Amino acid sequence: MDDRGRNVHSEGVTLVKLCTVQNRSTVTGNHSIIIQAGDNANITVPSTSECCSCHDDCACSCSCCKMAEADKPPVAIVPYTGSANSPSQKHNRLFDHLFKLRHNGQLTDYENYMEILQETTDFRKPDVQVLVKLSDAYCVWVKGEPLQKVGKLIDDVDRLIPDTDNPSEFEALKTHVTLLMCLQQGKLTEGLQKSYFALQKVHHLRPGYLKGFIFSFPAYLLSLLVANESNLEAREALRRQGIEYCKLGIDSTDLESDMQHLTVTCENLKSTCHLYMAMLHLDDAFTTQTASRGRRVSTENLQAATEALKAANQSTPAPFTRARLLLVTSDLRFRQWQESRDVEYHKKAMQKAKRAKELAEEYNFLSETVYAKERIAFLEEQLPLDTKTVGRGC
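Just so it is clear, the model here is predicted, and its values are computed rather than measured.

Criteria and cut-off values
Residues numbered from 1 in each chain as written. Predicted model: local features only at pLDDT ≥ 70, side-chain atom pairs only at ≥ 80, totals over all residues. Heavy atoms only, no water. Helix = DSSP H or I, 4+ residues; strand = E, 2+ residues; numbered from the N terminus. Areas by Shrake-Rupley, 256 points an atom, 1.4 Å probe, with all protein chains shown as cover. Buried < 20%, exposed > 50% of the residue type's maximum accessible area, 1.4 Å probe, protein only. Core = buried A, V, L, I, M, F, W, Y, C linked by side-chain atoms within 4.5 Å. Contact = heavy atoms within 4.5 Å. Arc of directions from axis to C-beta. Axes fitted to C-alpha atoms, helices over the stretch in contact; angles between N-to-C directions. Parallel < 35°, antiparallel > 145°, perpendicular 65-115°, else oblique. Left-handed = near helix turned anticlockwise from the far one by under 90°. Nonpolar A, V, L, I, M, F, W, Y, C, P; charged D, E, K, R; others polar. 1 Å grid on protein atoms, 1.4 Å probe; cavity = no way out; pocket = protein on both sides within 12 Å on 5 of 7 lines; lining within 4 Å. Points joined across faces, edges and corners; volume = space filled by probe spheres on them.

J.: If you had to explain the overall build of the protein chain to someone new, which residues and values would you point to?
T.: If you tally the helices and strands in the protein chain, you get 14 helices and three strands. For the protein chain, the accessible area works out to roughly 18,900 Å², and carbon and sulfur atoms hold 49% of it.

Next up, the structure:
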């Protein structure tokens, strides 16, 4: 137990709750509890029928229960796996909570939560250790910092994975982090190979969040290849393949059986898959430094991208994903301006890019801030060319 009234686990002792009101401290818990009092202190042990002898399943509304519950980390109840009773499924609530803090930009809350989590017995388990270290790696990515920082985390994960309940699932998640490192280094082909490796790791699983998440890896990488491919026939083949992976990701996520503990991650993943689908239709990438910027997009692809972005916005995606949706919506408006030369589309493209910049700066998403600034500069350069002919490209 600590001196701040927080929940604490220690070896051989289950959850203890401490609440101090008007110089009176109430300690509750199951099994072995050791209390040391001063010379003039009184120790009262209430019966189990009294409210403040609260246990883990207590449903009362006393002040000590409310205080303890507010700081309590998600109870162990790694994403969904192929077996309905998979041991890794018990950590879904923790996985969802870590995702929410990261992608909502609540990084201070994330750090505070980690301090509390470290005081629980679950924290020592290999499964939780791997989840936490991978989550820390994702934090580096969300903040837009160099992923070279995560090298030590990946080494620790490699060492811990063999001791987890579901090594193949954790290996697939780890592959996603190494894939992100490939992207920062411009190694798209190597990244695509890693994404296919991750698919092999989870091919035996029943549909659910994890499998949907893995399907999203190649979808995103293929969108980058489409944006940089100059050969029309090759580009169309890559586009079709990427769109198929997006659909598989959405369909698999819709079949998640533990939706109650993966609400945030599942909804956000479906939005992300629709986002990638829009990018594939627009020959788009988050950075403006691609070969596709001057390329025209067909009316059919513009319509398909519009529908995909509409679907992506139907749920409530996390701020990180919302910033990316604004970036791609800006690109859609730019493509529509390219086709129609209606200045209103250019204005809307600029508005979306500026809103993306505001949102990214508000949550300190460094990469998305850079991408938004790139678009604003690009759009400012393009408007004076309104009366000139823009090459259609390949």
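And the narrative resumes.
J.: Tell me about unusual backbone geometry, residues and numbers included.
T.: The backbone phi angle of Asp283 is positive, close to 55°, even though this residue is not glycine. Looking at the element boundaries, Asp283 is found in the loop between helix H10 (263-282) and helix H11 (299-312). Of the residues examined, Asp283 reaches a relative accessible area of 4% and is grouped as buried. A positive phi angle, close to 60°, is found at Asn364, a residue other than glycine. With respect to the helices, strands and loops of the structure, Asn364 is situated in the loop between helix H13 (343-362) and helix H14 (366-382). For Asn364, a relative accessible area of 42% gives the class partly exposed.

J.: Can you tell me about the nonpolar core, naming the residues and giving the values?
T.: With 90 residues, the main nonpolar core has Val150, Ile214, Leu275 and Val328 as its most contacted residues. Broken down by element, the residue count for this core peaks at 13 residues, all from helix H8 (residues 209-228). Once residues within four sequence positions are removed from consideration, Leu275 is found in contact with Phe286, Leu309, Ala312, Arg324, Leu325 and Val328. By size, the runner-up hydrophobic cluster in this structure holds eight residues, among which are Phe334, Ala349, Met350 and Phe378.

J.: Requested: an account of helix H3 (residues 107-117), with residues and values cited.
T.: Residues of H3 that are buried include every one of Leu107, Tyr110, Tyr113, Met114, Ile116 and Leu117, and no others. For H3, the angular spread of the buried residues around the axis is 165°, confining them to a single face. Among the exposed residues of H3, those pointing more than 90 degrees away from its buried face are Thr108 and Glu111.

J.: Describe the side chain of Arg324, naming the residues involved and giving the relevant values.
T.: As for its position among the elements, Arg324 is in helix H12 (residues 319-340). In contact with Arg324, not counting residues within four places along its chain, are Trp141, Leu275, Tyr276, Phe286 and Glu368.

J.: I'd like a rundown of the packing of H11 against H12, residues and numbers included.
T.: Two elements in contact, H11 and H12, have axes separated by 11 Å at closest approach and are oriented at 155°. Put simply, H11 runs roughly antiparallel to H12. In this structure, H11 meets H12 at a crossing whose hand is left-handed. The segment H11 lies against H12, with Leu302, Ala305, Thr306, Leu309 and Ala312 engaging Leu325, Val328, Thr329, Leu332, Arg335, Gln336 and Glu339. Residue classes in the contact of H11 with H12 are distributed as seven nonpolar, three polar and two charged.

J.: For empty space enclosed by the protein, give the residues involved together with the corresponding values.
T.: Space inside the largest cavity adds up to approximately 60 Å³. Lining the largest cavity, in full, are Phe95, Leu98, Phe99, Arg102, Leu131, Leu134, Ser135, Tyr138 and Leu173. Secondary structure elements with two or more residues in the lining of the largest cavity: helix H2 (92-103) and helix H4 (126-143). When grouped by side-chain class, the residues that make up the lining of the largest cavity number seven nonpolar, one polar and one charged. In this model, the second largest cavity occupies a volume close to 30 Å³. A total of three residues in the lining of the second largest cavity trace back to one element, the largest contributor, which is H12.

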